[in-house]
Amino acid sequence: MKKLVTLATFVFALVFSFETSAQEFSGLDKSPLDIAVYPASGRVPNKLVRVTYSRPQLKGRSLANLAPNGKVWRTGANEAVEVVFYKDAKVGGQAIKAGTYSMFTIPGESEWTVIFNSKLNQWGAYSYDESADVVRAKASASKDSSSLEAFSIAYKEVDGGVHMVLGWDTTRVALPISQ
């Protein structure tokens, strides 16, 4: 009988210990993480660039207020954008070595400055340090007839390379990248 009570107590404790230590998971992020890779095809093993970024949504807000002209912007939401160049490349005509960088932008009316910075794991642009800039490149900005609710990054193949295209609302920013 003593063994039965001990076994019952053990089973009871085991069952309730699992109940109290169950893992709790948070809900979905309001600005989900995304990745844009070029070339995108999984059949192409030699990639040039990968961008990991968060995708905020306009939700009735103005892009001009979220990413003001002339001010350093984190280019998305949450952590600073992380860019991996798998090979030496040229961005906006300037050389950049293969490696991992944080990316920031300075919005403008017809041209944005795209910044590749050596400090990684930054939250937003709050601790942005200009002295860690590796490359500052110019990218043309234009307007599109369609509006994007969520900030997006994609690639567009062009003669001599590819453009990394940043899009939000009706704004489209094209940064030339080549090898």
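Q: What is the right way to look at the sheet that holds strand S6 (residues 99-106) in this model?
A: The strands making up a sheet are joined through hydrogen bonds of the backbone, oriented either antiparallel or parallel. Overall, antiparallel pairing links the 9 strands, which are arranged S1-S2-S3-S6-S7-S8-S9-S4-S5 in an open sheet. Both outer strands of the open sheet, strand S1 (33-38) and strand S5 (94-96), are each paired with one neighbouring strand and no more. Adjacent strand axes in the sheet meet at a mean angle of 35°, parallel and antiparallel pairs treated alike. Alignment of strand S3 (residues 81-85) against S6, held across 5 bridges, turns out to be antiparallel. Each bridged residue has a counterpart across the sheet, and for Val81 the counterpart in S6 is Met103.

Q: In this structure, what is going on with the pattern of salt bridges? I would like to understand it.
A: Pairing is possible between side chains of opposite charge, provided their charged atoms come close. Summed over all chains, the structure comprises 6 salt bridges. With a closest N to O distance of 2.9 Å, Arg136 and Asp133 form a salt bridge. Here Arg136 falls in the partly exposed class, since its relative accessible area comes to 31%. Sharing partners across several salt bridges, the network here consists of Glu130, Asp133 and Arg136.

Q: Whenever I open this one, the environment of Gly160 confuses me. Can you help?
A: For Gly160, the position within the fold is in the loop between strand S8 (133-158) and strand S9 (161-178). For Gly160, a relative accessible area of 71% corresponds to the exposed category. On a C-alpha basis, the gap between Gly160 and Ser178 in space is 6.6 Å, while along the polypeptide they are 18 residues apart.

Q: Can you walk me through the pairing of strand S2 (residues 49-54) in this structure?
A: Moving residue by residue along a regular strand, the side chains alternate between the two faces of the sheet. S2 sits mainly inside the fold: 5 of its 6 residues count as buried. Of the pairings in the sheet, the one linking S1 to S2 comprises 6 bridges and is antiparallel in character. Paired with Asp34 across the bridge in S2 is Tyr53. Strand direction decides the pairing type here: S2 and S3, joined by 4 bridges, are antiparallel.

Q: What should I look at first to understand the packing of aromatic side chains in this one?
A: Here a ring pair, both rings aromatic, is described through the centre-centre distance and the interplanar angle of the planes. Throughout the structure, instances matching the rule amount to 9 aromatic pairs. Ring centres of Phe85 and Phe116 lie 5.5 Å apart, and the angle between their planes is 70°; on these two criteria the pair is classed as edge-to-face. Of this pair, Phe85 sits in strand S3 while Phe116 sits in strand S7 (residues 111-117), and the two are 31 residues apart along the sequence. Just as Phe85 is buried, Phe116 falls in that class too. Taken together through their ring pairs, the aromatic side chains of Tyr53, Trp73, Trp112, Phe151 and Trp168 make up a single cluster.

Q: Please explain the nonpolar core as it appears in this structure.
A: Across soluble globular proteins, nonpolar side chains have a tendency to be buried as a group. Counting residues in hydrophobic clusters, the biggest one holds 35 residues, and the most contacted among them are Val49, Val51, Phe85, Val91, Phe116 and Met164. Only S1, S2, S3, strand S4 (89-91), S6, S7, S8 and S9 provide two or more residues apiece to this core. If we ignore the near neighbours within four places in the chain, the residues touching Val51 are Asp34, Ile35, Ala36, Val81, Glu82, Val83, Ile153, Tyr155 and Met164. Grouped together as the second largest cluster of nonpolar side chains are 5 residues, Ala80, Phe104, Ile115 and Tyr128 included.

Criteria and cut-off values
- Residues numbered from 1 in each chain as written.
- Predicted model: local features only at pLDDT ≥ 70, side-chain atom pairs only at ≥ 80, totals over all residues.
- Heavy atoms only, no water.
- Pairing = 2+ DSSP bridges.
- Helix = DSSP H or I, 4+ residues; strand = E, 2+ residues; numbered from the N terminus.
- Axes fitted to C-alpha atoms, helices over the stretch in contact; angles between N-to-C directions.
- Salt bridge = Lys/Arg side-chain N within 4 Å of Asp/Glu carboxyl O.
- Buried < 20%, exposed > 50% of the residue type's maximum accessible area, 1.4 Å probe, protein only.
- Phe/Tyr/Trp six-rings, centres within 6.5 Å; stacked < 30°, edge-to-face > 60°.
- Core = buried A, V, L, I, M, F, W, Y, C linked by side-chain atoms within 4.5 Å.
- Contact = heavy atoms within 4.5 Å.

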